[in-house]
Amino acid sequence: MKRYRCLVVVGAQWGDEGKGKIVDVIAGKVDLVARYQGGANAGHTVHVGGDAFILHQIPSGILHAGKRCLLGNGVVLDVAQFLDELDALEARGIEAAARIGVSGRAHLLLDYHKRLDQANERRRGEKKIGTTGKGIGPAYEDKIARAGVRVADLLDADRARRLLHAAAERANERLRSAGAEPCVPAQIVDGVLASRERLLPMVTDTGREIVTTLARPEGRVLLEGAQGAMLDIDHGTYPYVTSSSTTASGAATGVGIGPTVIDGVLGVVKAYTTRVGSGPLPTELEPELGDRLRELGGEYGATTGRPRRCGWFDAVVVRYAALVNGLTGLAITKLDVLDTFDEIRICAGYDVDGRVHDSFPYDLSVLDRVQPVYETMPGWKTDTSAAREIDDLPAAARAYLERIRDLTGVPLVFVSVGTRRDQIIPMN
Ligand code: IMP
């Protein structure tokens, strides 16, 4: 892969593409890794030497000794869960606290946000979004409504107490009107203030740290996205999306740098498609094949354990993700999951009312009528998990990868064939 100075790694489908593994592979070569959006809704599973680590808020880069890891201003921070995650890492011998920085501009995600998220979902009934229940939507609502509490507000204990109490009272009004159990404001205040001592030494200005790192002759930075392009608040399948800017442009805003600082955007996709939660999934498979893919790929949510919906690779989605992210390269994960299929399909276009489209529709009612136009390719029926170079792959697998490259228009940079760090094929 070309040596980028400031690379963004994004999901180019509906999340769960295996970004954690790709970030883990690249993190060894950079100085600093920063998360730029989302919160504990994310679940990055990384396998290191037989151990599986599930990280929710802390960047996957933390598993590399000595790397600096930041949580940018675009993140909504669940302080209690963040500290638990930190403790779990330290308990497994990973020295983490001294290497983590948290933006003073990040907003706090509090217990009442989770209650509101769950109450909102109950109220939506059949139309529920299928959120992770981690409070993401309500936390971003408060931020955009200019009613949130930020990490920097904790610097002064009295101010923190006052702001948190008022915010909890306001949340209780919303909880009551949603028919949900209100929170106890004093408990919210005490909980956050008890974490203050541990959190404050980590508070930083993430944009400044990143720019300072890049000013060093060999300085390199990786910006780690959570979720995926199709869950982006602007570009995804709204309203079945998350509440943050998951795409590469969100990376600049979400850490506090200008867009010109970024010089590469790596999109991560599975060799097929999955989605958790409600909303359109044009290539969703009928139960028999879908169940087979789910079992082979272990497709259950890392955060909620929910079964993921499964489908064939959708090139229309990834072409669109390439456009909205400005992808400079593609990493394809879980190719090995397709090893036993007789034939494999790729969705090359969408038939809507008899006309074939090659772009992703913005109107969900159009998306509902989409019939995927498939190309069928022969399966390779060979175990690919030991492949370490492109030439180790069977010809049919190489042909499949080339077709993905041609249909999406994005050069392939990595192909992964298993969960371990070494099960990865560099493509150039
Ligand atoms: P929220 O982010 O919890 O509000 O959930 C909104 C939508 O995004 C739901 O469909 C979730 O299933 C989905 N989502 C949120 N985080 C992830 C993730 O890390 N992977 C996959 N889907 C996610």
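Everything that follows concerns the structure shown earlier in this document.
Now for a look at the structure at hand. (Residues numbered from 1 in each chain as written. Predicted model: local features only at pLDDT ≥ 70, side-chain atom pairs only at ≥ 80, totals over all residues. Heavy atoms only, no water.)

A separate point is the environment of glycine 379. Turning to its location among the elements, glycine 379 is positioned in the loop between strand 18 (371-378) and helix 12 (395-408). Measuring from C-alpha to C-alpha, the distance between glycine 379 and alanine 396 comes to 6.4 Å, with 17 residues separating the pair along the chain. Not counting the four nearest positions on each side in its chain, glycine 379 is found in contact with Phe341, Asp342, Glu343, Ile344 and Ala396. (Helix = DSSP H or I, 4+ residues; strand = E, 2+ residues; numbered from the N terminus. Contact = heavy atoms within 4.5 Å.)

The element strand 11 (residues 264-270) is largely enclosed, with a buried count of seven among its seven residues. Here strand 11 shows a buried face lined by Gly264, Leu266, Val268 and Lys270 and a second buried face lined by Val265, Gly267 and Val269. With five bridges joining them, strand 1 (residues 6-11) and strand 11 adopt parallel strand pairing. Looking across to strand 11, one finds that valine 10 is bridged to glycine 267. Pairing geometry for strand 11 and strand 15 (residues 329-333), over five bridges, is parallel. Bridge pairing in strand 15 places leucine 266 opposite glycine 329. (Buried < 20%, exposed > 50% of the residue type's maximum accessible area, 1.4 Å probe, protein only. Pairing = 2+ DSSP bridges.)

One can find threonine 246 in the loop between strand 10 (221-224) and helix 8 (248-255). Only 2.9 Å separates the side chain of threonine 246 from the backbone oxygen of glycine 228, close enough to count as a polar contact. Setting aside anything within four residues of it in sequence, one finds threonine 246 in contact with Val10, Tyr36, Gln37, Ala226, Gln227, Gly228, Ala229, Leu231 and Asp232. (Polar contact = N/O pair within 3.5 Å; in protein donor to acceptor, adjacent residues only side chain to side chain.)

As a working rule, side chains carrying opposite charge can pair if their charged atoms are close by. Applying the stated criterion to the full structure yields 28 salt bridges. Linking lysine 381 and aspartate 342 is a salt bridge whose minimum nitrogen-to-oxygen distance equals 2.6 Å. One end of the pair, lysine 381, is in the loop between strand 18 and helix 12; the other, aspartate 342, is in the loop between strand 15 and strand 16 (343-352), and 39 residues separate them in sequence. In this structure, arginine 403 and glutamate 375 form a salt bridge, with 2.6 Å as the shortest nitrogen-oxygen distance. With arginine 403 in helix 12 and glutamate 375 in strand 18, the pair connects residues that are 28 residues apart, well separated along the chain. (Salt bridge = Lys/Arg side-chain N within 4 Å of Asp/Glu carboxyl O.)

This part is about the site of the ligand. Near the ligand lie 17 residues; those nearest to it are Asp16, Asn41, Thr132, Thr242 and Arg306. Here a nitrogen atom of the ligand sits 2.9 Å away from a polar atom, N or O, in the side chain of aspartate 16. Interatomic distance of 3.2 Å between a side-chain N/O atom of glutamine 227 and a nitrogen atom of the ligand. Burial of the ligand by the surrounding chains reaches 96%, relative to a free accessible area of 470 Å². Class assignment for the residues of the shell around the ligand results in seven nonpolar, eight polar and two charged. (Near = heavy atom within 4 Å. Areas by Shrake-Rupley, 256 points an atom, 1.4 Å probe, with all protein chains shown as cover. Nonpolar A, V, L, I, M, F, W, Y, C, P; charged D, E, K, R; others polar.)

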